[in-house]
Every structure is written in structure tokens, then in C-alpha cells.
Amino acid sequence: MDTSGSSTASIVVALVVLGAFLASAPRMMRLSGTAPRVPVLAIALVVVIGIPSIAQYAGAPAIGAALRRDPQLTLQHGEWWRVLTALLAQDGGLLAAIFGLVVVAVAVSFSSWIQGSWLTLAIFLFCSITLNLLAIGWGAVGGGTSFASDGTMLSVLALGLVQARNRVVMAAAVVAVAGGLLLVVLADAHGVAILLGAAIGAVHGIVRRQRDATASAVAAR
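On a predicted model such as this, the values are computed, not experimentally measured, just so you know.

Draft legend 1. Region of interest: the overall build of the chain. Along the backbone of the chain there are 10 helices and zero strands. Order of helices (α) and strands (β) in the chain, N terminus to C terminus: α-α-α-α-α-α-α-α-α-α. Relative to the 2.2 N^0.38 estimate, which gives 17 Å for 221 residues, the radius of gyration of the chain is 18 Å and therefore close to what a compact globule would have. The principal-axis extents of the C-alpha atoms in the chain amount to approximately 60 × 35 × 30 Å.

Draft legend 2. How the structure looks around the packing of helix H2 (residues 40-55) against helix H7 (residues 117-138). Put simply, H2 and H7 touch, their axes get as near as 11 Å, and they point 35° apart. Here H2 contributes Leu-41, Leu-45 and Ile-49 to the contact with H7, which in turn contributes Ser-117, Thr-120, Leu-121 and Phe-124.

Draft legend 3. The packing of H7 against helix H8 (residues 146-163), seen in detail. Direction vectors running N to C along H7 and H8 enclose 130°, while the axes themselves pass 8 Å from each other. Between H7 and H8, the crossing angle belongs to the class labelled oblique. For the element pair H7 and H8, the recorded crossing hand is right-handed. Of H8, the residues touching H7 (which contributes Thr-120, Ile-123, Phe-124, Cys-127, Ser-128, Leu-131 and Asn-132) are Phe-147, Ala-148, Ser-149, Gly-151, Thr-152 and Ser-155.

Draft legend 4. Up close: the nonpolar core. Core analysis: the largest hydrophobic core is formed by 26 residues, its most contacted members being Val-17, Phe-21, Ile-114, Met-153, Leu-154 and Leu-157. Within the residue set of this core, elements represented by two or more residues are helix H1 (8-32), helix H6 (94-115), H8, helix H9 (167-185) and helix H10 (189-220). For this core, the element with the highest residue contribution is H1, accounting for eight residues. Those residues in contact with Phe-21 that sit more than four places away from it in its chain are Pro-26, Val-106, Ala-107, Phe-110, Met-153, Val-156 and Leu-157.

Draft legend 5. Spatial organisation of a nonpolar patch on the surface. Taken together, the side chains of Val-38, Val-40, Ile-43, Val-47 and Ile-51 make up a nonpolar region of the molecular surface, amounting to roughly 490 Å² of accessible area. Note that Ile-43 resides in helix H2. Classification of Ile-43 as partly exposed rests on a relative accessible area of 47%.

Draft legend 6. Focus on H1. Look at H1: 36 Å from first C-alpha to last across 25 residues, which is about the 36 Å you get at 1.5 Å a residue. Gly-33, located one to two residues past H1, shows a positive phi value of around 70°.

Draft legend 7. How the structure looks around unusual backbone geometry. Phi is positive for Ala-187, close to 60°, though the residue is something other than glycine. Its place among the elements puts Ala-187 in the loop between H9 and H10.

Draft legend 8. Layout of the side chain of Thr-152. The topology assignment puts Thr-152 in helix H8. Setting aside residues up to four positions removed in sequence, Thr-152 forms contacts with Ala-107, Ser-111, Thr-120, Ile-123 and Phe-124.

Draft legend 9. Geometry of the packing of aromatic side chains. Within this structure, the stated rule accounts for two aromatic pairs. Judged by centre distance (5.3 Å) and plane angle (85°), the rings of Phe-110 and Trp-113 are edge-to-face. Taken together, the positions of Phe-110 and Trp-113, both in helix H6 and three residues apart, correspond to about one turn of that helix. Site record: aromatic cluster; members linked through ring pairs are Phe-21, Phe-110 and Trp-113.

Cut-offs used in this document
Residues numbered from 1 in each chain as written. Predicted model: local features only at pLDDT ≥ 70, side-chain atom pairs only at ≥ 80, totals over all residues. Heavy atoms only, no water. Helix = DSSP H or I, 4+ residues; strand = E, 2+ residues; numbered from the N terminus. Rg over C-alpha atoms; globule rule 2.2 N^0.38 Å. Axes fitted to C-alpha atoms, helices over the stretch in contact; angles between N-to-C directions. Contact = heavy atoms within 4.5 Å. Parallel < 35°, antiparallel > 145°, perpendicular 65-115°, else oblique. Left-handed = near helix turned anticlockwise from the far one by under 90°. Core = buried A, V, L, I, M, F, W, Y, C linked by side-chain atoms within 4.5 Å. Buried < 20%, exposed > 50% of the residue type's maximum accessible area, 1.4 Å probe, protein only. Patch = residues over 30% accessible without salt bridge, like charges linked within 9 Å, V, L, I, M, F, W, Y side chains within 5 Å. Areas by Shrake-Rupley, 256 points an atom, 1.4 Å probe, with all protein chains shown as cover. Salt bridge = Lys/Arg side-chain N within 4 Å of Asp/Glu carboxyl O. Expected span 1.5 Å × (residues − 1). Phe/Tyr/Trp six-rings, centres within 6.5 Å; stacked < 30°, edge-to-face > 60°.

Next up, the structure:
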């Protein structure tokens, strides 16, 4: 399974997912009447991830080697903490690291406003850790934020699809999920991250609908 995200299909799908997210998230906020706030979580994550990510390309390459996902060191030497710290080690070069940080800022900001900061953080970390654990099994060395960002964006899109309040949001979610399915067929790990995030968002959407239906029934009594 390819975890690099460097294939043409992976890059195209990543841009499609980002475009679908940017087309949907502001609409979801308007429909729910949610007002943007200072994106504290997004700022914190960009700083925490950005410092080691940029530093490894600014004269300290050892930082990337110390933090990245490494199946041999994990399985043979017990360095399981790497499935978490791989989030801090970008493996696609400086420009990819900067772009990844921009996507983190966008994905986490909108998700925090729509789903809440704690749930967003949980989804962000869960998708990253889960995919890095799988990548250990696939024998793939590397790191980065794309698994976490893809999962977070798809959780928002799938939530919008289940809520079914806007056709643009629903269409964007379908297109993004289709892109994830394509990547899975092409043995690209980012497709797994996309589908994982979509599953989380769908469950969240169903829970929200049931909660809202219950609240409406109680209010109608």
C-alpha cells in the first residue's frame, strides 16, 4: 500500500477533497448558524506540527528521522510512539510540508467550528494513529499530516451528507468518497484515511439526527 501521496492520482484526489471541503464547510456553517471563532486548536496544531516539520528541512534532518514512522524500529525495537510522532515528520519536502500545514489549518478550523474542538482533535489524532499503525504492517517508512487532514475533512463532509441540508454539500461528499474509493482500488493508503473519516462523520451525523429528532419530539409534547 502506497503511503507517500506522491502519485498523480493521490495528488489529484487530495486537491479534489480539499476543493469539496472548501465548497461545503462554509455552507454547513451558514445553514447551522455557526459563527467562526478564533481557531485555537488549529493554531496550536500548526505550531506543534510546524516547528519540527520545517526544522527538518532547515538544517536539522535528524528531527525527521527521529520522529518518522519506521516499521523496523517499531517492530524490532518497540518504538511504538512513532505511530503518533509520524504526524510531526513531513516526508515530501519543504513545499509539501508548508502545504500540509495550510491544509491542517483549514481542515481543523472548519471542523472545530462545525463539530467542536474536542471531537475534531479526537478525529484528527485517531485517523493519523490508525493509518500509521496500518502503515507499520505495510512496511512503509514516512510521516506527515495528510492522513489526519483527510480523515478530518471527510468527517465533516460525511456529516453534511447525512444531514442532507444542501445539495452542494451532499454532492461534494459523494465526490470525495468516490475519490477515496478510487485510491483504495489503486492501493493508496490515503483512500483508507478518506473512507475512515467518512465513516466517522456518517456515524456522527446519524447520532446528531437521532438526538435532534428526540429533542423535537420532547419539545412537541
